Amino acid sequence: MAGLFFALTISAKEDPDSAIINIAREYYRLYNTDNAEEFYKYSELLCKYHFDRGEFAYYYMMRQNEIFYDSEHGETYKAIKKANDLLEEMKESDEKRYDIVYLALGHIFEQQGNFRMALHYYQESLDNTAPTDSAGLANIYAQLAAANITRDPDKAWYWNERMGSMLTPTSLDYKPYLVHKARIQFFKGEKKEYFETRRELDEAVKGYKNASAYPFGDHVIKLMDAAFLGKYEEALQLLDEKTQDYDAIQCYDIRIRVYEMMGQYPKALEETDKRRDLLDSLSNDLLFSNINEINAAAGIARISEKASKERELWLTAVIILLIVALGLSASRYITHRRYQRRIVRQNEQLEIALDEAKESERMKNIFIRHISHEVRTPLNIITGYVQIVSNPEFELEKEERDTLLKAIEKNTVAITDIIDDLLEVSQEESKERYRRDDEIAVNAFCRRIMSEAETANKGRLKLCFKSELPDKFTITSNQSGLERILQQLLNNALKFTDEGQVELAIYKSADGNSMHFAVADTGIGIPEDRHEQIFEHFYKLDSFKQGLGIGLSMSRKIAILLGGTLNIDKEYHNGTRMILTIPAK
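Given the structure is predicted, the values throughout are model-derived calculations rather than measurements.

1. Thoughts on the overall build of the chain
Then, in step 1: Within the chain, the secondary structure is distributed over 21 helices and seven strands.
Then, in step 2: A total of 585 residues make up the chain; the buried ones form 46% of that total.
Then, in step 3: When contacts within the chain are restricted to residue pairs at least 6 apart in sequence, long-range pairs at least 24 apart make up 67% of them.
Then, in step 4: Summing over all exposed atoms, the chain offers an accessible surface of approximately 30,900 Å²; the carbon and sulfur share of this is 52%.

2. Let's talk about the pairing of strand S3 (residues 474–477)
Then, in step 1: Here S3 shows one buried face, formed by Ile475 and Ser477, and one open face, formed by Thr474 and Thr476.
Then, in step 2: Here four bridges tie strand S1 (residues 438–441) to S3, and the two strands are oriented antiparallel to one another. Note on S3: the bridge partner recorded for Ile440 is Ile475.

3. Considerations on the environment of Lys508
Then, in step 1: Assignment of secondary structure puts Lys508 in strand S4 (residues 501–508).
Then, in step 2: The spacing of Lys508 and Ser467 is 41 residues in sequence and 9.6 Å in space, taken between C-alpha atoms.
Then, in step 3: Residues in contact with Lys508, not counting those within four places in the same chain, are Leu469, Phe473, Ser514, Met515 and His516.

4. Side note on a negative patch on the surface
Then, in step 1: Together, Glu395, Glu397, Glu399 and Glu400 line one region of the surface with negative charge.
Then, in step 2: Structurally, the position occupied by Glu400 is in helix H18 (residues 398–426).
Then, in step 3: Look at Glu400 and you get partly exposed, because its relative accessible area is 41%.

5. Some details on the nonpolar core
Then, in step 1: Membership of the largest hydrophobic core comes to 85 residues, with the highest contact counts inside it found for Phe186, Ile254 and Val258.
Then, in step 2: Among the elements that line this core, the one with the most residues is helix H6 (residues 98–111), at nine residues.
Then, in step 3: Setting aside residues no more than four positions away along its own chain, Ile254 makes contact with Phe186, Phe187, Val220, Leu223, Leu239 and Tyr246.
Then, in step 4: Ranked by size, the runner-up nonpolar core spans 38 residues in total, among them Tyr434, Cys446, Leu482 and Met515.

6. Quick look at the pattern of salt bridges
Then, in step 1: Applying the stated criterion across every chain, the model contains 19 salt bridges.
Then, in step 2: Of the charged contacts in the structure, one is a salt bridge between Lys188 and Asp154, with a shortest N-O distance of 3.2 Å. Of the two residues, Lys188 is situated in helix H10 (residues 174–188) and Asp154 in helix H9 (residues 153–165); the sequence distance between them amounts to 34 residues.
Then, in step 3: On the basis of relative accessibility, which here comes to 37%, the residue Lys188 falls in the partly exposed class.

7. Description of the sheet that holds strand S5 (residues 514–521)
Then, in step 1: Here five strands make up an open sheet; going across it, the order is S2-S4-S5-S7-S6 and the pairing mixed. The open sheet has two free edges, formed respectively by strand S2 (462–467) and strand S6 (565–568), since each of these has just one partner strand. Across the sheet, the mean angle from the axis of one strand to that of its neighbour is 15°, orientation sign disregarded.
Then, in step 2: Relative to strand S7 (residues 577–583), S5 is paired through seven bridges, and the arrangement is antiparallel. When the sheet's bridge partners are listed, Val519 is paired in S7 with Met578.
Then, in step 3: Against the sheet, helix H20 (residues 479–495) contacts S2, S4, S5, S6 and S7, and its axis sits at roughly 20° relative to S5.
Then, in step 4: On top of the sheet, helix H21 (residues 551–561) reaches S6 and S7; it is set at about 135° to S6, its chief contact.

8. Comments concerning the environment of Thr474
Then, in step 1: Looking at the secondary structure, you find Thr474 in strand S3.
Then, in step 2: Sequence separation between Thr474 and Lys585 is 111 residues, and the spatial gap between their C-alpha atoms is 8.5 Å.
Then, in step 3: When near neighbours in sequence (up to four residues on either side) are disregarded, Thr474 contacts Glu439, Ile440 and Ala441.

9. Considering H10
Then, in step 1: In a regular helix each residue adds 1.5 Å, so 15 residues correspond to 21 Å; H10 covers 21 Å between its end C-alpha atoms and thus fits that length.
Then, in step 2: Counting buried residues in H10 gives 14 out of 15 residues, a clear majority hidden from the surface.
Then, in step 3: With its phi angle positive at about 75°, Gly189 sits one or two positions after the end of H10.

10. Thoughts on the environment of Arg183
Then, in step 1: Considering the arrangement of structural elements, one finds Arg183 in helix H10.
Then, in step 2: As for Arg183 and Ile149, which are separated by 34 residues in sequence, their C-alpha atoms are 7.2 Å apart.

11. Overview of the packing of aromatic side chains
Then, in step 1: Scanning all chains against the criterion turns up 15 aromatic pairs.
Then, in step 2: A centroid spacing of 5.7 Å and a plane angle of 25° characterise the contact between Tyr141 and Trp159, whose relative ring orientation is stacked. Here Trp159 lies in helix H9 and Tyr141 lies in helix H8 (residues 134–148), a separation of 18 residues in the sequence. As far as burial versus exposure is concerned, Tyr141 and Trp159 are alike and both buried.
Then, in step 3: What links up through ring pairs into an aromatic cluster is the set Phe186, Phe187, Tyr194, Phe195 and Phe228.
Then, in step 4: The side chain of Arg257 reaches across the aromatic face of Phe186, ending 5.9 Å from its centre.

What counts as what
- Here the residue numbers are simple positions, counted from 1 along each chain's written sequence.
- pLDDT decides what is reported in this predicted model: residues at 70 or higher carry local features, side-chain atom pairs at 80 or more are listed and counted, and totals for whole chains, interfaces and linings draw on all residues regardless.
- In computing side-chain values, all of the structure's heavy atoms are included and hydrogens and water are not.
- Secondary structure counts use DSSP, requiring at least four H or I residues in a row for a helix and at least two E residues in a row for a strand, with both numbered from the N terminus.
- Three exposure classes are used, based on accessible area relative to the maximum for each residue type with a 1.4 Å probe and protein chains only: buried under 20%, partly exposed in between, and exposed over 50%.
- Note on contacts: a residue pair qualifies if any of its non-hydrogen atoms lie within 4.5 Å across the two residues.
- Only the protein chains shown count as cover for residues, with accessible areas throughout obtained via the Shrake-Rupley method and a probe of 1.4 Å.
- Between any two strands, at least two bridges found by DSSP are needed for them to pair.
- Two distance rules govern patches: like charges are joined within 9 Å, and nonpolar side chains (Val, Leu, Ile, Met, Phe, Trp, Tyr) within 5 Å, applied only to residues with over 30% relative accessible area and no salt bridge.
- By salt bridge we mean one thing: a side-chain nitrogen of Lys or Arg within 4 Å of a carboxyl oxygen of Asp or Glu.
- Residues scored as charged are limited to Lys and Arg (positive) and Asp and Glu (negative), so that His and the chain ends carry no count.
- By convention, the point assigned to a charge is CZ for Arg, NZ for Lys, CD for Glu and CG for Asp.
- Among buried residues, those of type Ala, Val, Leu, Ile, Met, Phe, Trp, Tyr and Cys that are joined through side-chain atoms within 4.5 Å constitute a nonpolar core.
- Axes here refer to lines fitted to C-alpha atoms; in helices the fit is confined to the stretch in contact. Angles between the N-to-C directions go from 0 to 180 degrees.
- One less than the residue count of a helix, multiplied by 1.5 Å, gives the span that helix is expected to have.
- Think of it this way: a Phe, Tyr or Trp ring, Trp meaning its six-membered ring, pairs with another when their centres are within 6.5 Å, and the plane angle makes it stacked under 30 degrees, edge-to-face over 60, tilted otherwise.
- Throughout this description, the term charge over a ring refers to an Arg CZ or Lys NZ atom that lies within 6 Å of the ring centre and within 35 degrees of the ring normal.

Okay, here's the thing in structure tokens:
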């Protein structure tokens, strides 16, 4: 698509009030449709417009756009034939813009999923472009950036910045630079930087005349906005709409990225498989048209003034080898099909193993980062206070010394608690450890838990206890395990609530077989797509909050050992409401 937009934006910018703008607008619209007859009608008008004005560079770009159109609409052979026709036309003129044809061939190969050959022709186009041809160079840089966005974002960034260095923020040509920049940041997960680029893009578009005639990237920007704002379903629906902002392969790349942002890795893997199947299909299609495409390359070599006899011989040898390869492929087709399924299964297993290794590495890094952070803070306090207390140069009053010693003791206990938590995680929990043989007076038990919570709360929030049960009501469970879960839930509620209240409510199920302990707060709440993730080891919704991120995972584990469940109430929207359910008998 880069050739299409660069060919027109310069012309439109030079003559913004002329009738050509209306033609260009309809041309853009038709490019995104299957109405080839109408598209070629308007393409002919624009070609004549540039030809009559002696703008041969733009004229050839328009011819290049026709090749792009055929390629993007599945007419690979037709696109290659037009490339050869364009070469023949150039041979009769003084404008031998071989770089344009090389760029078109690169685009054809990219559409077929042959990334290596696409880069080869893009480089050929770059080598055949005059250093003074800023429009042509910017066009090639844009195509190289677009081709690398999902495969090598850093390389894409390099080419995109080269394109941007040749443009001014007031030109329409600056829009593709900003769109590519936003796409790179999307695939790198750089949310803050992405929205900074979006603001820059909005400001640039405000200064454009006839901006509606140049819709490049509008659809993909809308899609990426939705994904970064957590509107994943909307983003996925936009992917189903037909647009020329991305091809079928790029559509899979974006869908995989959205599923990764949602944390739905099985779906991302499923889309990866579909993407691989598409590439296999495109490769097969490309195999049967390779002879025509190599002929096109040979045509370029013959016409190019830099081509040599040695290169023609090399290309002839490649054609012979390809014919032999086609014969061998036909004879081995049945055997290939027999082993294809086995290879697919092996690839799937390798991808799963790779994902597991990446997840293991991620969890290890999270673990080290959390432990380092949690231990370093109390350890620094202990070290600093010990230096003060033990230094004879400091004359401390008894009250000051007692305060420092208490702080040292408090932080020593904090480190001990961290070690205990780690040991707890490493221990194999068992039903024997949480035997359900304690008779618990539920109301009295909960009032004591709330009293301990009030000590930590220090009157900051309103604490409420509600019960529908008589004081004499008891259950048989494990008091230590139940106490640990409720303390964890109340501590979390206090930690993530700045104002309002924290409530503990207990009630029986309608059938009388279960007890519900509900801890609700008016805090920051938990996004719906994180409702299960917060129960994973070392996961923290807010990495700056104190804690190892193991409290909820251990609480759910204990709840299961008590014969119950621990979940988030999805119907509660004033903060967070956690519900512990255990047997009532």
